[in-house]
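Structural description and commentary
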Amino acid sequence: MTTLVFYSEFDSFEEWSQLLAPYLPGITICRAEDVQDADTVHFALTWKPPQGFFAPYRNLKLLVNLGAGVDSLVGRDDLPDIPIIRLSDPDMARMMAGYVLFAVLRYARDIPAFERAQREQRWHYLHPRVPSSVRVGVMGLGELGGWAAQELARQGFDVHGWSRTQKEIDGVQCCSGLPALDDFLQRSDILVVMLPLTPGTTGLLNAERLSCLPAGAAFINVSRGAIVDQAALTEMLRSGHIAEATLDVFDREPLPPEDPLWRMENVLITPHLASVAIPASAAQQVAENIQRAARGEPVTNQVFPERGY
């Protein structure tokens, strides 16, 4: 008997098990609380499992992470030395690119100004800007960041990107490394944060670096809240140095009701949903990697939590 254990507080066990079952005959798919014999668990499909979750599963061969971020797997003492894969799903990339495009267009077309005018019953005309006059900086050029940067470039924006290592993306001016970061930020009328959370990116956007953004810049974060000094960001939104923000992630989630960001008219808050795993499009990819691991073959889309990606 071989078992695949599932854990997620956000994803549907019923949907995942129904879609995976036809690809995995002979493998029992169950929730953690329904595992009959921990020694039969060879595979795990999880998102942010609690500490100690993996300890009973001594025969685990493969962990499938239900998302792109692997920061919840860093520094664990219950995780065996096994391959870990993430979902590499075009639908997730499209979903993320769509969210980023929405947020950038909202600022590039001055929609918040029209929303305020509507609340005041005031006819307020602002002439539309040419997209090429709007400098959009995409911070993080991995699979999701690269896709979003290309979509923004396709819309005609002046797109430049920053990453840890140098990348080449059509239509995007790419730079890399910490020495280039301040100049990159100074050229970002709209900044989109798409970095993975790693020891090197935690707190990267501190008060000093946020002050490098042009006065009146817009700020969009769809990666992880801990990359940004949230108190410094809040203060810059109060002062107007950062004029507007769209925030999908925070240093504490859910964002506490008393947090001042909730009450700021220049902030749009969404509950960490810019891109989520789509079972219908990812199930076959997940099953193929499970089959590879069962045969002792190398898996695809492997990630390394100590690197953060």
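Residues numbered from 1 in each chain as written. Predicted model: local features only at pLDDT ≥ 70, side-chain atom pairs only at ≥ 80, totals over all residues. Heavy atoms only, no water.

**Focus: empty space enclosed by the protein**
Filter applied, for reference: Put simply, the grid is 1 Å and covers the protein atoms alone, a cavity is a trapped set of points that fit a 1.4 Å probe, a pocket is an open set with protein on both sides within 12 Å along at least five of seven lines, and lining residues have an atom within 4 Å of a point. Grid points are joined across faces, edges and corners, and a volume is the space filled by probe spheres set on the points.
Throughout the structure, instances matching the rule amount to one cavity of 30 Å³ or more. Here the largest cavity is characterised by a volume of approximately 50 Å³. Taken together, N221, G225, V228, Q230, L233, L247, V249, F250 and L261 form the lining of the largest cavity.

**Here we look at the sheet that holds strand β7 (residues 158-163)**
Short version of the rule: Only strands joined by at least two bridges in the DSSP assignment are considered to pair. A run of DSSP states H or I qualifies as a helix once it reaches four residues; a run of E qualifies as a strand once it reaches two. Both are numbered from the N-terminal end. An axis is simply a line fitted to the C-alpha atoms; with a helix, the fit covers only the stretch in contact. Between two such axes, the angle follows the N-to-C directions and lies from 0 to 180 degrees. Throughout, a residue-residue contact means that at least one pair of heavy atoms, one from each residue, lies within 4.5 Å.
Reading across the sheet, the seven strands line up as β8-β7-β6-β9-β10-β11-β12 and stay open at both edges, with parallel pairing between neighbours. The open sheet terminates on both sides in strands that have one partner only, identified here as β8 (173-176) and β12 (267-269). When the angles between neighbouring strand axes are averaged without regard to direction, this sheet yields 15°. Looking at chain direction, strand β9 (residues 190-193) and strand β10 (residues 217-221) are connected through four bridges and run parallel. Of the residues in β10, the one forming a bridge with V193 is N221. Sheet strands touched by helix α4 (residues 143-154): β6 (135-139) and β7. Its angle to β6, the strand with the most contacts, is close to 170°.

**Section: the side chain of H160**
Operational definition: Accessibility here uses a 1.4 Å probe with only protein chains present; expressed as a share of the type maximum, an area under 20% marks a residue as buried, one over 50% as exposed, and anything in between as partly exposed. N or O atoms within 3.5 Å of each other form a polar contact, as long as, within protein, one can give a hydrogen and the other can take it, and as long as residues adjacent in sequence are counted only when both atoms are side-chain atoms.
Note on placement: H160 falls in strand β7. For H160, a relative accessible area of 2% gives the class buried. At 3.3 Å, the side chain of H160 forms a polar contact with the backbone oxygen of F184. Within the local environment of H160, its side chain forms a polar contact with the backbone oxygen of R187, the two atoms lying 3.3 Å apart. For H160, the contacting residues outside a window of four places in its chain are R135, V136, G137, V138, V172, Q173, F184, R187 and S188.

**Here's the deal with the pattern of salt bridges**
Side-chain pairs of opposite charge can arise where the charged atoms are in close proximity. Which entries qualify depends on this criterion: Salt bridges, as used here, are contacts in which a Lys or Arg side-chain nitrogen is within 4 Å of a carboxyl oxygen on Asp or Glu.
Following the criterion strictly, the structure yields 16 salt bridges and no others. Note that D183 and R187 form a salt bridge whose closest N and O atoms lie 3.1 Å from each other. According to the relative accessible area criterion, D183 is partly exposed, its value standing at 40%. For R238, the salt bridge identified is with E235, shortest N-O distance 3.4 Å. Linking R238 with E235, this pair stays in helix α7 (residues 230-239), spanning three residues, or about one helical turn.

**Some details on the pairing of strand β1 (residues 2-7)**
Let me state the cut-off plainly: Handedness of a crossover: with both strands directed away from the viewer, a clockwise path from the first strand across the helix to the second marks it as right-handed.
Here β1 lies mainly inside the structure; six of its six residues are buried. Going residue by residue along β1, you find T2, L4 and F6 tucked away on one face and T3, V5 and Y7 tucked away on the opposite face as well. Bridge analysis of β1 against strand β2 (residues 27-31) gives five bridges, and the strand direction is parallel. Counterpart to V5 in the pairing with β2 is C30. Taking the sense of rotation as the criterion, the β-α-β connection linking β1, helix α1 (residues 13-20) and β2 turns out right-handed. Taken together, the five bridges between β1 and strand β3 (residues 41-46) define a ladder with parallel strand orientation. In the sheet register, V5 faces β3, and the bridge partner there is A44.

Geometric values such as these leave the question of function open.
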